[in-house]
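Here is what each chain is made of, one letter per residue.
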Amino acid sequence: MEKLLLSIEEYKETMKKKFHNSTDLIQKVFHIKGQAIVVQFVSYLVDRERLEREILNALTSSPKRWTNDTLMNKIPIAASECVSSVDQITQKVLHGSISVYIEGEKEAVIFALPKLDDRGLNRAETESLVFGPQVSFTESLNTNLNVVRWRLDTDDLVMEKLIVGERIPSEVRIVYLKSMADKENVATFRERIKNLQVDQIEDSSVLGQLIEDSSTSVFPQLIFTELPDRFCNSIVKGRVGVMVDKSPTMLVGPMSLFSFFESTEDLYMRWNMGSFIRMLRFIAMAISIILTPMYVAALTYHYEIIPSTLLVSLGQSRATVPFPPVLEALLLEILIELLREAGARLPTKVGQTMGIVGGIVLGQAAVQAGFTSNILIIIIALSALASFTAPSYLMGTAVRIIRFPMIILAGMWGLVGIVFALSFLIIHLLKQKSLGRPYLAPIYPFQWRDFNDSLFRVPFQKNSRRPVSTMPQDPTRYNSSKAEEHKDVKSP
């Protein structure tokens, strides 16, 4: 093991070189009873009040000679340790610790006193709910761990710690229930994260892209959520979660396609309401994908499928439009995407006004100028609204992207092009994996029991088993027969 045994000046010079002579490194030297002691820290990373009160006052007020053992015994800070490696000391100081080195000792004593300037727990921004908990994760890993521990108050909860990043290390936690999560899923997450050789992990979304099964697919393969209740609910179902320091979003996997249309809000409603809204989302996604390409195909090749009264209205609406239907639809789709992106990037109040006023003004002006037909304006608006019903922002974006090649194929080959695009889409989804698990579960492989956790909801009394597709070690939630017995007991 590497030992220090350096003079104070040698130690100071060594640390200055590690910090590239940066003025951020503060080095305070104290001479106490013939001893030289150097205290090192980065001023904006440590709690200055605790530093002065608990360390500096204790050092200067003691009449005895200091050793590492007496230092750790006399200064009551639980997060303390002895470190002999200069590289480790540097990393500790960079993470908000204070190094105390006594001349002639073989190790330096490290006290963890980080300055905690964290964002408080606020309402979720990207995943808003009407019912249920409103709190969201923050950028502080310690705060997020505390929230998860509070919601999953059991000793069965495992939080494995990993360090990822060659140049800028980041702490990553793998979260799961030991008696519930499939060991293969946990091992897959662990190995993929350990095998990463990257400079840094900027966010959990970057980590997700690095470890996902297919980087070429437009469909997300892991859930990104900022809601603690959704994260914890997935853990209880037997899935595995990943938390990244300095990231307010968490990863959950393995996931199926249908998981991206689920919301924890469905659980807080009555089962028939939750099922209706969930089915409405699936219908909305089908409308968003199919409606505009069907319009293009019908007007380009298949007039016979349009009712005669509607055909007259379409002819009158398109009488002054100079573009073919496929080009007209693509231009309007691009216009809608520009409005959506502009509204998302502008400040909240300005963005909402921009989206509403811009859509009305541009749509009305485009129709009056003969740039497009009013019927296509309605169809494009319906398709855009339908895509926004997805609880997952990434899945909604994927659906909007899919529309563009389908519109082009519909303009080239009509209904044949749409069928070809849908066939290719289904084949692609059948080949997709999430952590090595089928992406279209429970349809492929077919698991009828899992339909009540994916396509629709059933009453809790009838849903006593966990989804098979998540491969839980314990497939039973509770004994439904006993629940029914207690329900039938009459009060005296």
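A word on the packing of helix 10 (residues 271–300) against helix 12 (residues 325–345)
- Where helix 10 meets helix 12, the axes come as close as 9 Å, and the angle between the chain directions of the two elements is 160°. One finds that helix 10 runs roughly antiparallel with respect to helix 12. Between helix 10 and helix 12 lies a crossing of right-handed hand. In contact with T292, Y295, V296, L299 and T300 of helix 10, helix 12 contributes P325, V326, E328, A329 and E333.
- Among the residues forming the contact of helix 10 with helix 12, the class breakdown is six nonpolar, two polar and two charged.

What about the pairing of strand 7 (residues 170–177)?
- When you tally the buried positions in strand 7, you get eight out of eight residues, the bulk of the element.
- With burial as the criterion, each face of strand 7 is covered, one bearing S170, V172, I174 and Y176 and the other bearing E171, R173, V175 and L177.
- As judged from the eight bridges shared by strand 6 (residues 157–164) and strand 7, these two strands associate in the antiparallel manner. Bridged to L162 within strand 7 is V172.
- Here strand 6 folds back onto strand 7 in antiparallel fashion, the turn holding five residues, of which G165 has a positive phi close to 120°.

Considering the pairing of strand 2 (residues 35–42)
- Of all eight residues in strand 2, eight are buried; the element is thus mostly enclosed.
- The side-chain alternation of strand 2 yields two buried faces, one formed by Q35, I37, V39 and F41 and the other by A36, V38, Q40 and V42.
- Bridge analysis of strand 1 (residues 25–32) against strand 2 gives eight bridges, and the strand direction is antiparallel. Bridge pairing links I26 to F41 in strand 2.
- A loop of two residues connects strand 1 with strand 2, the two strands running antiparallel in sequence, and K33 in this loop sits at a positive phi of about 55°.
- Bridge analysis of strand 2 against strand 4 (residues 97–102) gives four bridges, and the strand direction is antiparallel. Across the sheet, Q40 pairs through a bridge with S99, a residue of strand 4.

Overview of the packing of aromatic side chains
- Summed over the entire model, instances satisfying the criterion amount to four aromatic pairs.
- Look at F137 and F231: their rings are 5.8 Å apart centre to centre, the planes differ by 90°, and that puts the pair in the edge-to-face class. Highlighted residues: F137 in the loop between strand 5 (108–112) and helix 5 (141–151) and F231 in helix 8 (residues 228–236), separated in sequence by 94 residues. Considered together, F137 and F231 belong to a single accessibility category, that of buried residues.
- Between F260 and Y439 the ring centres are 6.4 Å apart and the planes differ by 50°, which places this aromatic pair in the tilted class. Of this pair, F260 sits in the loop between strand 10 (250–253) and helix 9 (265–268) while Y439 sits in the loop between strand 12 (437–438) and helix 17 (480–488), and the two are 179 residues apart along the sequence.

Thoughts on the confidence of the model for the protein chain
- Of all residues in the protein chain, 89% have pLDDT values of 70 or greater, and the mean over the chain is 81.
- Helix 17 is the least confidently modelled element of the protein chain, averaging 51 in pLDDT, while helix 16 (residues 415–431) averages 92, the highest of any element.

A closer look at the packing of helix 10 against helix 14 (residues 374–387)
- Relative orientation of the contacting elements helix 10 and helix 14 amounts to 155°, with a least axis distance of 7 Å. The pairing of helix 10 with helix 14 is recorded here as roughly antiparallel in orientation. Considering the relative orientation of helix 10 and helix 14, their crossing is left-handed. Facing helix 10, whose interface residues are A284, M285, I287, S288, L291, T292 and Y295, helix 14 presents I375, L376, I379, I380, L382, S383, A386 and S387.
- Here the contact of helix 10 with helix 14 is built from residues that sort into eleven nonpolar, four polar and no charged.

Some words on the sheet that holds strand 1
- Pairing in this open sheet of five strands is antiparallel, and the strands run 1-2-4-5-3 from one edge to the other. A single partner strand is all that each edge strand has here, and the edge strands are strand 1 and strand 3 (80–83). Pairwise comparison of adjacent strand axes, ignoring direction, gives a mean angle of 20° for this sheet.
- Sheet strands in contact with helix 2 (residues 48–61) are strand 1, strand 2, strand 4 and strand 5, and its direction is about 175° off that of strand 2.

Observations regarding the sheet that holds strand 6
- If you walk across this open sheet you meet the five strands as 6-7-9-10-8, and the pairing is antiparallel. Edge positions in the sheet fall to strand 6 and strand 8 (223–225), since each has one partner strand and no second. Averaged over neighbouring strand pairs, the angle between their axes works out to 25° when direction is ignored.
- The pairing of strand 7 with strand 9 (residues 240–244) spans four bridges and is antiparallel.

Topic: the nonpolar core
- Counting 59 residues, the largest nonpolar core has V148, L157, F219, F231, M243, L257 and Y295 as the members making the most contacts within it.
- For this core, the element with the highest residue contribution is helix 10, accounting for nine residues.
- Apart from the residues lying within four places of it in its own chain, the contact partners of M243 are F137, L141, N144, L145, V148, E171, V172, R173, V175, F231 and M250.

Here we look at helix 7 (residues 204–211)
- The complete set of buried residues in helix 7 reads S204, L207, G208 and I211. The arc enclosing the buried residues of helix 7, seen along the axis, measures out at 100°, which places them on a common side.
- On its buried face, helix 7 is in contact with strand 7, helix 6 (183–194), strand 8, strand 9 and strand 10.

What about helix 5?
- Taken together, the buried positions of helix 5 are occupied by L141, N144, L145, V147 and V148. Down the axis of helix 5, the sector holding all buried residues measures 160°, keeping them to one side. Opposite the buried face of helix 5, at more than 90 degrees from it, the exposed residues are N142, N146 and W150.
- Structurally, helix 5 contributes buried residues whose contacts are with strand 6, strand 7, helix 8, strand 9 and strand 10.

Considerations on the environment of K115
- The residue K115 is located in the loop between strand 5 and helix 5 in this model.
- We classify K115 as partly exposed; its relative accessible area is 44%.
- Not counting residues up to four positions away in its chain, the partners in contact with K115 are Y44, L45, V46 and D47.

Each value, and the rule that gives it
- Residues numbered from 1 in each chain as written.
- Predicted model: local features only at pLDDT ≥ 70, side-chain atom pairs only at ≥ 80, totals over all residues.
- Heavy atoms only, no water.
- Axes fitted to C-alpha atoms, helices over the stretch in contact; angles between N-to-C directions.
- Helix = DSSP H or I, 4+ residues; strand = E, 2+ residues; numbered from the N terminus.
- Parallel < 35°, antiparallel > 145°, perpendicular 65-115°, else oblique.
- Left-handed = near helix turned anticlockwise from the far one by under 90°.
- Contact = heavy atoms within 4.5 Å.
- Nonpolar A, V, L, I, M, F, W, Y, C, P; charged D, E, K, R; others polar.
- Buried < 20%, exposed > 50% of the residue type's maximum accessible area, 1.4 Å probe, protein only.
- Pairing = 2+ DSSP bridges.
- Phe/Tyr/Trp six-rings, centres within 6.5 Å; stacked < 30°, edge-to-face > 60°.
- pLDDT = per-residue confidence, 0-100.
- Core = buried A, V, L, I, M, F, W, Y, C linked by side-chain atoms within 4.5 Å.
- Arc of directions from axis to C-beta.

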